[in-house]
Amino acid sequence: VTSKDGNDEVAAEAKKVEGNTAITSKNYNDAVKFYTEAIELAPTGKNTNIYYTNRAAAYCYLKNYEKSIKDCTKAIELDPLYTKAYSRLGLSHFFMEEYEPAVEAYQKAVDLEPETKSLQNSLKQAKQKLDERTNLTAPSSSSSGAPSSAGGMPDMSALAG
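Residues numbered from 1 in each chain as written. Predicted model: local features only at pLDDT ≥ 70, side-chain atom pairs only at ≥ 80, totals over all residues. Heavy atoms only, no water.

Trainee: So what's going on with the overall build of the chain? Which residues, and what values?
Mentor: Across its full length, the chain carries seven helices and zero strands. Beginning at the N terminus, the succession of helices and strands in the chain can be written as α-α-α-α-α-α-α. Residues classed as buried in the chain amount to 41% of the 161 residues present. A fraction of 55% describes how many contacts in the chain between residues 6 or more apart in sequence connect residues 24 or more apart. If you sum the accessible surface of the chain, you get close to 8,700 Å²; carbon and sulfur atoms cover 53% of it. (Helix = DSSP H or I, 4+ residues; strand = E, 2+ residues; numbered from the N terminus. Buried < 20%, exposed > 50% of the residue type's maximum accessible area, 1.4 Å probe, protein only. Contact = heavy atoms within 4.5 Å. Areas by Shrake-Rupley, 256 points an atom, 1.4 Å probe, with all protein chains shown as cover.)

Below, the structure written as structure tokens:
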């Protein structure tokens, strides 16, 4: 059923389900294809931000962080209150070792969902990495020069779902 605005949201949702199944099966290239088809079927639909965010997750798994960032940015344009888009944006920047934008994205996600522990932890880890980098460029009082890290990687489970 195609709506007046040219969106076929029923078909798009079916493609999203196929994409989710592909992600679960670790077929990330297939997932990208299905989410792309969902976006094409409903370019301005009510769930299009989700298709972009899910495709961003698939791109993350494929280590294509630039495309993931583009999709997250598009998802945020479509729905500035969609927490998962900020979380995945933070994760993409984190993996690119761009800790300042990672902190900004995670902070926005935490602002939207302050009770979510995984978001709080991801923000904390991104801040740690940013602090380590800042401390490495500043004169160091540490004898080893190696940054101390309690963790290091944001929660990859943030990609699931």
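Let us keep going from here.
Trainee: Mind laying out the packing of helix H2 (residues 28-41) against helix H3 (residues 48-61), listing which residues take part and the relevant values?
Mentor: Axis angle and axis distance: for two packed helices, these are the angle between their axes and the distance between the axes, and together they describe the pair. Packing of H2 against H3 leaves a shortest axis separation of 9 Å and a crossing angle of 160°. By the criterion of interaxial angle, the relationship of H2 to H3 is roughly antiparallel. Handedness of the H2/H3 crossing: left-handed. From H2, Tyr28, Ala31, Val32, Tyr35, Thr36, Ala38 and Ile39 reach across to H3, where they touch Tyr51, Tyr52, Asn54, Arg55, Ala58, Tyr59 and Tyr61. Looking at the contact of H2 with H3, its residues break down into eleven nonpolar, two polar and one charged. (Axes fitted to C-alpha atoms, helices over the stretch in contact; angles between N-to-C directions. Parallel < 35°, antiparallel > 145°, perpendicular 65-115°, else oblique. Left-handed = near helix turned anticlockwise from the far one by under 90°. Nonpolar A, V, L, I, M, F, W, Y, C, P; charged D, E, K, R; others polar.)

Trainee: Explain the nonpolar core to me, and be specific about the residues and the numbers.
Mentor: Ranked by size, the top nonpolar core spans 31 residues in total, and within it Tyr51, Leu89, Phe94 and Ala126 carry the most contacts. Secondary structure elements with two or more residues in this core: H2, H3, helix H4 (65-78), helix H5 (83-95), helix H6 (99-112) and helix H7 (117-137). Looking at which element gives the most residues to this core, the answer is H6, with seven residues. Ranked by size, the runner-up nonpolar core spans nine residues in total, among them Ile23, Tyr28, Tyr35 and Ala58. (Core = buried A, V, L, I, M, F, W, Y, C linked by side-chain atoms within 4.5 Å.)

Trainee: Residue-level account of H6, with values.
Mentor: Here H6 contains 14 residues, and its C-alpha end-to-end distance of 20 Å stays within 8% of the 20 Å for a straight helix at 1.5 Å per residue. Three or more residues of H6 are buried, namely Tyr99, Ala102, Val103, Ala105, Tyr106, Ala109 and Val110. Contacts from the buried residues of H6 go to H5 and H7. (Expected span 1.5 Å × (residues − 1).)

Trainee: How would you explain the packing of aromatic side chains if you had to name every residue and give the values?
Mentor: Inspection of the entire model under this criterion finds four aromatic pairs. With 6.3 Å between their ring centres and 80° between their planes, phenylalanine 94 and phenylalanine 95 make a pair best called edge-to-face. The rings of Tyr65, Phe94, Phe95 and Tyr99 are connected pair by pair, giving a single aromatic cluster. (Phe/Tyr/Trp six-rings, centres within 6.5 Å; stacked < 30°, edge-to-face > 60°.)

Trainee: I'd like a rundown of unusual backbone geometry, residues and numbers included.
Mentor: Residue lysine 26 is not a glycine yet carries a positive backbone phi of 65°. For lysine 26, the position within the fold is in the loop between helix H1 (9-24) and H2. Notably, lysine 63 is not glycine yet its phi reads approximately 65°, a positive angle. Along the chain, lysine 63 falls in the loop between H3 and H4. For lysine 63, a relative accessible area of 60% corresponds to the exposed category.

Trainee: For the confidence of the model for the chain, give the residues involved together with the corresponding values.
Mentor: In this model, the chain carries a mean pLDDT of 88, and residues with pLDDT of at least 70 account for 81%. This model gives residues 140-151 a pLDDT under 50, and the stretch forms eight contacts once residues within four places in sequence are excluded. (pLDDT = per-residue confidence, 0-100.)

Trainee: Which residues make up the pattern of salt bridges, and what are the values?
Mentor: The tally for this structure, following the rule as stated, stands at seven salt bridges. Taking the shortest distance from any N to any O, the salt bridge between lysine 15 and glutamate 37 comes out at 2.8 Å. Taken together, the residues lysine 15 in helix H1 and glutamate 37 in helix H2 connect sequence positions 22 residues apart. A residue is classified by how much of its surface remains accessible, and glutamate 37, at 21% relative accessible area, is partly exposed. Residues participating in the shared-partner salt-bridge network are Lys15, Glu18, Lys33 and Glu37. (Salt bridge = Lys/Arg side-chain N within 4 Å of Asp/Glu carboxyl O.)

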